[in-house]
Amino acid sequence: MAQGRKGKLNYRCPRCLMREIDMDMLYDKDLDEYYCLRCSFTGNEAKVKRLNAQFREKYRDRQNRITEF
Amino acid sequence: MAKFYLNIVHRPEMVPEYIQKEAELGKKEDLTRGSVLQESLDIFRIQQQLAHENGLRTTIQMTYASLFNSEALAIAKNDHELYGDEIGLTFLGIQCKEFREKFHSKELAIWLFSMEDKRKIVEEVYGKFQEVFGFIPTSTGSYYMDAELVNYIKEKYPVVKAAIATCWEEGPKAYRNANNSWYTLLDGGPWNPWIPSKRNIHCIASNKEDDIGIVAIPHLSRDLMAVFDGPGSYYGTHPQNILRGMVYENGEIPYFKNIVDQYRSMHKYNRGYAYNMMFVGPGWMSKSGRWEADYALLLKSYKEGMAYYGELKKNGDLEDLTMSEFADVYRQDHSYNRPECTLWKDILYGSKRQMFWFADPWMRFCLDMNQGGAMVDLRPYAAKLLRPCGVGTSANQDASYPFLVQSLYRSGFFTHYAGEGAVKSCKISYGSEQVDLCTCRTKASFSEEGNTRIVTLDPVSIEFSNLTVSLQTIFRLDEGTGQIEITRKIIDSTDPGAEFLLDEYITGCYGTTEYPEDLSGVQLCLNSEKHNDSIFYEYKCRENEIREVQRVRAIVPQVDALIEMIPDG
């Protein structure tokens with residue numbers, strides 16, 4: 001298998017992120033996938049982005065400007 | 001008139017860890033790599049430029065490494081002369097070739113050195129600063145400045161008046177968030193500026209004798225709800241931290257302005273005073289991006305943050321000060337006993353939850369309205385615990401201030417297994433039924449009567465099998481007493497003749513982490529006019545009771561703390 005390197009962006013593992021652990025992933029260019037040294041996650045960029053979008057869903061006010069305090 | 005003060009701090013960190021790691025991928029370590037030094041300086045220059053374009057002044061905190069770089073020195077001197085920026089000195093960014101040669105250490109964190117090394121480093125970095133600038137800087141900082149370190153700095157350089165002294169609520173949560181690699185174990189300090197005690201930097205000084213001689217500033221202004229439960233480095237006035245927490249959508253980050261505005265609103269609780277601080281290291285604006293955010297988004301987020309502060313200033317809603325200027329203003333405006341209060345509302349999860357935070361020289365505590373106003377965090381500042389950290393101390397890396405209650409670390413209401421977790425709440429009983437107010441969500445409002453701060457909770461409706469009762473809780477906080485007066489009022493009942501029993505309780509402990517500590521030796525006391533009784537904790541599940549009790553007391557010698565409850569009425 002190819003040597004793990006940094007990808008074009010330094011994606012964190014989305015599974016570890018779900019439990020609020022910032023864990024950088026390595027990229028395998030032969031398999032076109034990212035992998036996590038901690039939790040064994042593997043996935044391509046599209047999968048990482050899909051899971052990151054899920055992570056954001058907990059922030060229901062992430063798009064709202066709140067001005068009343 | 002309300003005052004909203006802002007400190008913007010920039011540092012020319014010549015070898016930012018993240019950019020350095022990026023540059024050395026597949027190569028050996030080289031602290032003098034030219035590309036890293038240049039990129040770091042470019043980012044520093046951009047940060048300064050963005051502040052100035054928006055009419056804002058900054059405090060430039062020179063790193064030890066930058067004191068050897070003529071370009072960094074020239075930028076600082078120029079911006080001081082041209083824009084009135086303050087030139088201070090930080091203990092971040094000490095690592096460089098010169099430091100390695102002199103101290104033979106790869107340690108990044110000033111608070112983790114031995115006291116002997118701390119003294120040597122202080123003398124070296126202040127000496128070098130004075131050599132290149134010709135004066136002693138009056139502001140300093142790091143992610144954490146322990147009291148022993150600050151006392152030494154004040155002894156050697158009495159002109160120092162301000163320091164970035166903690167990162168609010170960076171403790172076990174921040175450690176875990178960084179995959180157990182980031183040693184900012186610093187829980188338990190105030191969230192807004194304070195005058196620290198000589199004995200412990202987290203504690204607010206009680207009086208002039210206890211005053212350490214600086215105004216302390218927390219690193220960043222953080223979300224007082226999200227950071228209580230989540231990583232400190234996701235939710236604060238640090239645009240790239242917000243990107244790290246992924247609190248944005250399609251490149252838009254309204255959350256930054258929401259935090260700023262909630263901090264602005266704190267004047268309602270603090271006699272017209274409010275504060276904000278922004279301090280972003282160059283490593284967060286790396287040209288190669290940071291985690292999922294590319295450089296364009298990193299830059300955009302910083303630009304928008306500065307633009308918002310600039311807009312507030314133009315509208316007369318913000319006053320930008322340097323750190324030392326702020327220290328002077330703070331001391332003019334604040335007495336030692338005056339508490340810092342905040343009724344924080346959720347701006348992230350859409351829950352409408354509120355938390356009330358309070359800090360004074362006696363204690364810091366938090367009430368959670370989602371749990372009927374239960375106290376979910378309590379730090380006994382009255383103890384002013386001597387707790388040095390760093391090599392050669394028993395605390396070593398753990399620089400947090402101990403809690404007596406921390407409901408997230410020690411489970412709080414409803415533990416998964418048997419037993420009760422750490423929380424201060426109240427149970428109401430009717431016949432054989434009992435309800436804990438932790439289960440009664442409510443809202444609160446804040447008011448003042450003279451020197452008493454009042455938190456009034458909306459009444460909660462409690463349903464027993466054959467009646468419903470409405471109960472209201474009011475907290476009164478008399479300035480300068482170290483006392484909390486809690487009133488529980490039954491304001492309505494479907495059976496006006498019914499009698500209820502109130503169990504006002506605290507399940508306490510002590511510690512700085514999630515892991516249990518040895519409670520042996522903790523003393524629980526009951527006092528009445530005729531009887532005094534006490535139990536020394538021995539893990540034997542003993543109970544005691546007394547009629548016409550005048551006070552109950554817990555003495556926790558491990559953290560030099562005494563807490564007592566006095567019934568009235």
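Note that the coordinates shown come from a computational prediction; the quantities given were computed from them, not determined experimentally.

Asker: Explain the pairing of strand 18 (residues 460-463) of chain B to me, and be specific about the residues and the numbers.
Answerer: All names here are of chain B. Of the two faces of strand 18, the one lined by Val 460 and Ile 462 is fully buried and the one lined by Ser 461 and Glu 463 carries no buried residue. Of the strand pairs in this sheet, strand 18 and strand 19 (residues 468-478) are connected by four bridges, and their pairing is antiparallel. By the bridge assignment, Val 460 is partnered in strand 19 with Leu 471. The antiparallel pairing of strand 18 with strand 19 creates a hairpin that spans four residues between the two strands.

Asker: Break down the interface of chain A and chain B for me, with residues and values.
Answerer: Frequently, the measure chosen for interface size is the accessible area removed from exposure when the parts meet. The interface of chain A with chain B comprises 27 residues on the first partner and 37 residues on the second. In this assembly, chain A packs against chain B so that about 3,000 Å² is buried in total across both faces, 47% of it on carbon and sulfur atoms. At the boundary of chain A with chain B, the tally comes to four salt bridges. Inspection of the region where chain A meets chain B yields 26 residue pairs in polar contact (both at pLDDT 80 or more). If one sorts the elements of the side of chain A that touches chain B by residue count, helix 2 (residues 45-56) of chain A sits on top with three residues. For the side of chain A that touches chain B, the residue count by class is nine nonpolar, five polar and 13 charged.

Asker: Explain the sheet that holds strand 24 (residues 549-556) of chain B to me, using residue names and the numbers behind them.
Answerer: Pairing between the strands of a sheet is mediated by backbone hydrogen bonds and can be parallel or antiparallel. Residue and element names in this part refer to chain B. The sheet built from four strands is open, its strands ordered 23-22-24-25 with antiparallel pairing. Lying at the two open borders of the sheet, with one neighbouring strand each, are strand 23 (532-536) and strand 25 (561-565). Sheet twist, expressed as the mean angle between neighbouring strand axes with direction ignored, is 15 degrees. Sheet analysis places strand 22 (residues 523-528) next to strand 24, joined by six bridges and oriented antiparallel. Within strand 24, the residue paired with Ser 528 across the bridge is Val 549.

Asker: Go over the nonpolar core with me, naming the residues and quoting the values.
Answerer: Residues and elements named next belong to chain B. Core analysis: the largest hydrophobic core is formed by 164 residues, its most contacted members being Met 62 and Phe 356. Among the elements that make up this core, the one with the highest residue count is helix 11 (residues 295-314) (nine residues). Residues in contact with Phe 356, not counting those within four places in the same chain, are Cys 341, Thr 342, Leu 343, Phe 365, Cys 366, Leu 367, Met 369, Phe 446, Val 455 and Leu 477. Listed in part, the 13 residues of the second largest apolar core include Tyr 430, Leu 437, Ile 462 and Phe 464.

So, how was this worked out
Every residue gets a number counted from 1 within its own chain, in the order that chain's sequence is written. Think of it this way: whatever chain is written first is A, whatever ligand is written first is 1, and the rest follow in order. Only residues with pLDDT of at least 70 are given local features in this predicted model, and only at 80 or more are side-chain atom pairs given and counted; all residues enter the totals for whole chains, interfaces and linings. Side-chain metrics in this entry use all non-hydrogen atoms of the structure; hydrogen atoms and water are not considered. For each residue, the accessible area found with a 1.4 Å probe, counting protein chains only, is set against the maximum for its type, and the residue is called buried under 20%, exposed over 50%, and partly exposed in between. Helical segments are the DSSP runs of H or I of at least four residues, strand segments are the runs of E of at least two, and each set is numbered from the N terminus. At least two bridges found by DSSP between two strands is the condition for calling them paired. Contacts between residues were defined by any pair of non-hydrogen atoms, one from each residue, lying within 4.5 Å. Joining two parts hides part of their accessible area as seen by a 1.4 Å probe, and the buried area is that hidden amount summed over both. Salt bridge, as used here, is a side-chain nitrogen of Lys or Arg placed within 4 Å of a carboxyl oxygen of Asp or Glu. N or O atoms within 3.5 Å of each other form a polar contact, as long as, within protein, one can give a hydrogen and the other can take it, and as long as residues adjacent in sequence are counted only when both atoms are side-chain atoms. Each residue gets one of three labels, nonpolar for Ala, Val, Leu, Ile, Met, Phe, Trp, Tyr, Cys and Pro, charged for Asp, Glu, Lys and Arg, and polar for the others, Gly among them. In this analysis an axis means a line fitted to C-alpha atoms, helices contributing only their contacting stretch, and an angle means the value between N-to-C directions, from 0 to 180 degrees. The definition of a nonpolar core used throughout is a set of buried Ala, Val, Leu, Ile, Met, Phe, Trp, Tyr and Cys residues joined through side-chain atoms within 4.5 Å.

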